[in-house]
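# Remarks on the overall topology
Residues per chain, in single letters:
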Amino acid sequence: MHKPLPKSIAAILAMMLGSSLAACSFEPKLRVPPAPADKMPYTAGKSPQKTVAPGGLAGEAQDFQYGTELHEEWWKLFRSKALDTLIATGLKNSPTIAAAQAQMREAQATARENASIFYPQITGNLQANRSKAAAATFGRPGGFHYSLINGSIGVSYYPDIFGVNRLVYRNSEELVKYQQWELEAAKLTLTGNIVTTAIDEAATEEQIQATKAIIAKEKKLLKLTEYQYQVGAIDYSTVMTQKSQTASESATLPPLEQKLAVYRHELAILVGAFPANVKRQNFTLNKLKLPEKIPVSLPSKLLQQRPDIRAVMAQMKAANALIGEARAQFYPTVQLSASFGNAASQPGIFFDPVSSIWSLVGAVSQPIFEGGKLEAQKAKAHAAYDVTYANYRSTILNAFDQVANGLRAIEHDAQTLAAQREALQASREALKLAQASYRAGAIDYLTLLTAEVQYSTAKIAEIKAQSQRYQDTAALLVALGGGWWNHPDVTMVPNPDPKHS
């Protein structure tokens, strides 16, 4: 049987373990910028409440519902199944999301690795040795042959008396949360890019059709001016002016077709596919429904619903743990190790009690002089925290700037669309009058075609105003956090206290 540990050593071990459980922590209290008051408006001046209603496609009035939250993922407010399918494909296949998921798994593995220091490290060892000593050593012919079999189990443990181990683990734990929020931020960015690119595609396609109609009318005008020149009704300079106008209008078509190709290629890349392999129905603006009610979170809720803000908060907590770790380095480090086993020269007596061996070692190390290294490490930790503190403030300010800009943009987009729609209506009426006058013989065909071109130009301006309204609505919903907390697989929920997010 093994001999029991001496009582004095056992008492010391128990005391060290007890001290570890009651260890103090050198982590300072988390310093967080004051949260904005919920009564504080997002915008300068009076906050917009409800937009005008321009009428027609994308012409609904939009109502800002302050103090409410998104109750579904943001893109679903556009009520487009094609858009839902495209986003689902992107979230599944995007390499950007895959990279963020891998980074999160890497952080989780690092946290598990750091957690192992809380447990004793147990190592088994078995060694068999057969040796021959020189004959001159023992004064006997042939030398001396001997065997040694050694088997033992070693245990080492670092009592966390000053909380260093917990601080190391806390740092890695917060970095896991950081990567989790970075993953949510990557998803939010991806969905935002998919929606805005789809809107760009739809708007560009409609602009191309309107531009083709304008070019066709310009070509008719050119033929008419050439005929009038041939019969002597106008001079040649009028022909050249119209030819220049037709060429200029035709030159606007290739850049639009290039933009359309780029948007379609970008959508393919966003969903993780090669541009040539994507087969899907192209988007049109009339397949999107403009959200009429826009929930606008309270300022304190915005801090919890923005993944980028939550990510920087996790960085702050990780940096705060590093400050405590740097402070703890000034204090002693304790290591306990023990081993027990058997050693024998013959296998037959290896398990005999007389072959038992054991050892117990306690070690304490205390920094005495390191040339200012520890002070520098502490100063570096404080500076690193100051960086994250400033980044946190900057992230919050940027978030509020995006929300404020989004609110004003939606308000002004409705006004712009109303004005463009009024201009379109005026050009439509002018075209009707020109058509009636032409049929009555009061004007020539040149004047009629000019009215048609003006109408087509107003139509393009309306398309741009429509798409801008969709774009800015999407940007505001993304700026408000996107409703990620409504996803069925989400494991994190907004916390009302930013200091414990």
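None of these values were measured; they are calculated from a predicted model.

## Describing the overall build of the protein chain
When helices and strands are counted, the protein chain shows 11 helices and six strands. For a compact globule of 501 residues, the expected C-alpha radius of gyration is about 23 Å, and the protein chain comes in at 38 Å, more than 25% above that figure. When the backbone C-alpha atoms are referred to their principal axes, the protein chain occupies close to 135 × 60 × 45 Å. Counting all 501 residues of the protein chain, 39% fall into the buried class. Sequence-distant contacts, at least 24 apart, represent 82% of the contacts inside the protein chain between residues at least 6 apart. Surface accessibility of the protein chain: about 26800 Å² in total, with carbon and sulfur atoms responsible for 57%. Distance from the positive charge centre (51 side chains) to the negative charge centre (43 side chains) of the protein chain: 6 Å.

## A short note on the packing of helix α10 (residues 373-439) against helix α11 (residues 445-479)
Pairs of packed helices are described in terms of their axes, by the angle between the two and the distance that separates them. Closest axis-to-axis distance for the α10/α11 pair is 8 Å, and the angle between their directions is 165 degrees. The orientation of α10 relative to α11 falls into the category roughly antiparallel. Helix-helix and strand crossings are classified by hand; for α10 and α11 the assignment is left-handed. Among the residues making up the contact of α10 with α11, the classes are represented as 21 nonpolar, 10 polar and eight charged.

## Re helix α2 (residues 81-93)
Compared with the 18 Å implied by 1.5 Å per residue over 13 residues, the 18 Å span of α2 between its first and last C-alpha is a close match. Check the buried side of α2 and you find it contacts α5 (164-230) and α7 (253-270).

## Details of the packing of aromatic side chains
Evaluated as defined, the whole model comprises 13 aromatic pairs. Both rings, one in tryptophan 74 and one in phenylalanine 78, keep their centres 6.3 Å apart while their planes meet at 80 degrees; by these two values the pair is edge-to-face. Of the two residues, tryptophan 74 and phenylalanine 78, both sit in the buried class. Joined through ring pairs, the aromatic side chains of Trp74, Trp75, Phe78 and Tyr470 make up one cluster.

## A closer look at helix α6 (residues 236-251)
The terminal C-alpha atoms of α6 lie 23 Å apart, and with 16 residues this matches the ideal 22 Å at 1.5 Å per residue to within 8%. Burial in α6 covers these residues: Val239, Gln242, Thr246 and Glu249. Within α6, the buried residues cover an arc of 95 degrees as seen down the axis, which keeps them to one side. Contacts made by the buried residues of α6 are with α5 and α7.

## With respect to the pattern of salt bridges
Counted by the stated rule, this structure contains 16 salt bridges. Among the ionic pairs, glutamate 72 bridges to arginine 79, the shortest N-O distance being 3.0 Å. Note on glutamate 72: relative accessible area 25%, which makes it partly exposed. The exposure class of arginine 79 is partly exposed, given its relative accessible area of 48%. Salt-bridge contacts for glutamate 462 lead to arginine 421; the nearest nitrogen and oxygen are separated by 2.9 Å. On the criterion of sequence distance, the pair formed by glutamate 462 in helix α11 and arginine 421 in helix α10 is long-range, its members being 41 residues apart. Here the two residues glutamate 462 and arginine 421 agree in accessibility, since each one is buried.

## Brief notes about unusual backbone geometry
Of note, the phi angle at alanine 58 is positive, near 60 degrees, even though the residue is not glycine. Within the secondary structure, alanine 58 is located in the loop between α1 (7-21) and β1 (63-66). One non-glycine residue, arginine 79, adopts positive backbone phi at about 50 degrees. Tracing the backbone shows arginine 79 in the loop between β1 and α2.

## Remarks on the sheet that holds strand β5 (residues 333-344)
Ordered by their spatial adjacency, four strands build an open sheet running β2-β3-β5-β6, and the pairing between neighbours is antiparallel. Looking at the sheet topology across the chains shown, the edges are occupied by β2 (121-133) and β6 (356-365). Adjacent strand axes in the sheet meet at a mean angle of 20 degrees when their direction is disregarded. Bridge count between β2 and strand β3 (residues 144-157): 13 bridges; the pairing is antiparallel. Across the sheet, the residue bridging to arginine 130 is serine 147, located in β3.

## So, the environment of lysine 177
Within the secondary structure, lysine 177 is located in helix α5. Measuring from C-alpha to C-alpha, the distance between lysine 177 and alanine 314 comes to 6.2 Å, with 137 residues separating the pair along the chain.

## Let's talk about the confidence of the model for the protein chain
Averaged over all residues, the pLDDT of the protein chain equals 87, while 91% of them reach at least 70. The model gives residues 1-24 a pLDDT under 50, and that stretch makes 31 contacts with residues more than four places away or in other chains. A low-confidence stretch, residues 496-501 (pLDDT under 50), is modelled with 14 contacts involving residues beyond four sequence positions or located in other chains.

## Concerning the nonpolar core
In this structure, Trp74, Phe78, Val195 and Tyr392 are the most contacted members of the largest nonpolar core, which totals 74 residues. With 15 residues, the top contributor of residues to this core is α5. Not counting residues within four places of it along the chain, the set of residues in contact with valine 195 comprises Trp74, Trp75, Phe78, Leu83, Ile87 and Ala474. Formed by six residues, the second largest nonpolar core is a distinct cluster that contains Ile161, Phe162, Val334 and Leu336.

The rules behind each value
- Residue positions within a chain follow its written sequence, with the count starting from 1.
- In keeping with the predicted nature of the model, local features appear solely for residues at pLDDT of at least 70, side-chain atom pairs appear and are counted solely at 80 or more, and the whole-chain, interface and lining totals rest on all residues.
- Neither water nor hydrogens contribute to the side-chain values; these are computed over all heavy atoms in the structure.
- Here a helix means four or more residues in a row that DSSP labels H or I, a strand means two or more in a row labelled E, and each is numbered from the N terminus.
- This radius of gyration counts C-alpha atoms alone. The globule rule is 2.2 Å times how many residues there are, raised to the power 0.38.
- Per-residue accessibility, obtained with a 1.4 Å probe over protein chains only, is compared with the maximum for each type, and a residue is labelled buried under 20%, exposed over 50%, and partly exposed between these values.
- Note on contacts: a residue pair is in contact if any heavy atoms of the two residues lie within 4.5 Å.
- Per-residue and other accessible areas were derived by the Shrake-Rupley procedure at a 1.4 Å probe size, with only the shown protein chains allowed to occlude residues.
- His is not counted, nor are the chain ends, whereas Lys and Arg count as positive and Asp and Glu as negative.
- To locate a charge, the coordinates of NZ of Lys, CZ of Arg, CG of Asp or CD of Glu are taken.
- Axes here refer to lines fitted to C-alpha atoms; in helices the fit is confined to the stretch in contact. Angles between the N-to-C directions go from 0 to 180 degrees.
- Our angle categories are set so that under 35 degrees counts as roughly parallel, over 145 as roughly antiparallel, 65 to 115 as roughly perpendicular, and the remainder as oblique.
- Should the near helix be turned anticlockwise from the far one by less than a right angle, the crossing is left-handed, and should it be turned clockwise, the crossing is right-handed.
- Residue polarity is assigned by list, with Asp, Glu, Lys and Arg as charged and Ala, Val, Leu, Ile, Met, Phe, Trp, Tyr, Cys and Pro as nonpolar; anything else, Gly included, falls into the polar class.
- One less than the residue count of a helix, multiplied by 1.5 Å, gives the span that helix is expected to have.
- Each aromatic pair joins two rings of Phe, Tyr and Trp (for Trp, the six-membered one) with centres within 6.5 Å, and gets the label stacked for planes under 30 degrees apart, edge-to-face for over 60, and tilted for any other angle.
- The directions considered for the arc run from the helix axis to the C-beta atoms.
- Salt bridges are defined by distance alone: a side-chain nitrogen of Lys or Arg within 4 Å of a carboxyl oxygen of Asp or Glu.
- DSSP bridges decide pairing: two strands pair if at least two such bridges lie between them.
- Per-residue confidence from the predictor is given as pLDDT, running between 0 and 100.
- Put simply, buried Ala, Val, Leu, Ile, Met, Phe, Trp, Tyr and Cys residues joined by side-chain atoms within 4.5 Å make one nonpolar core.

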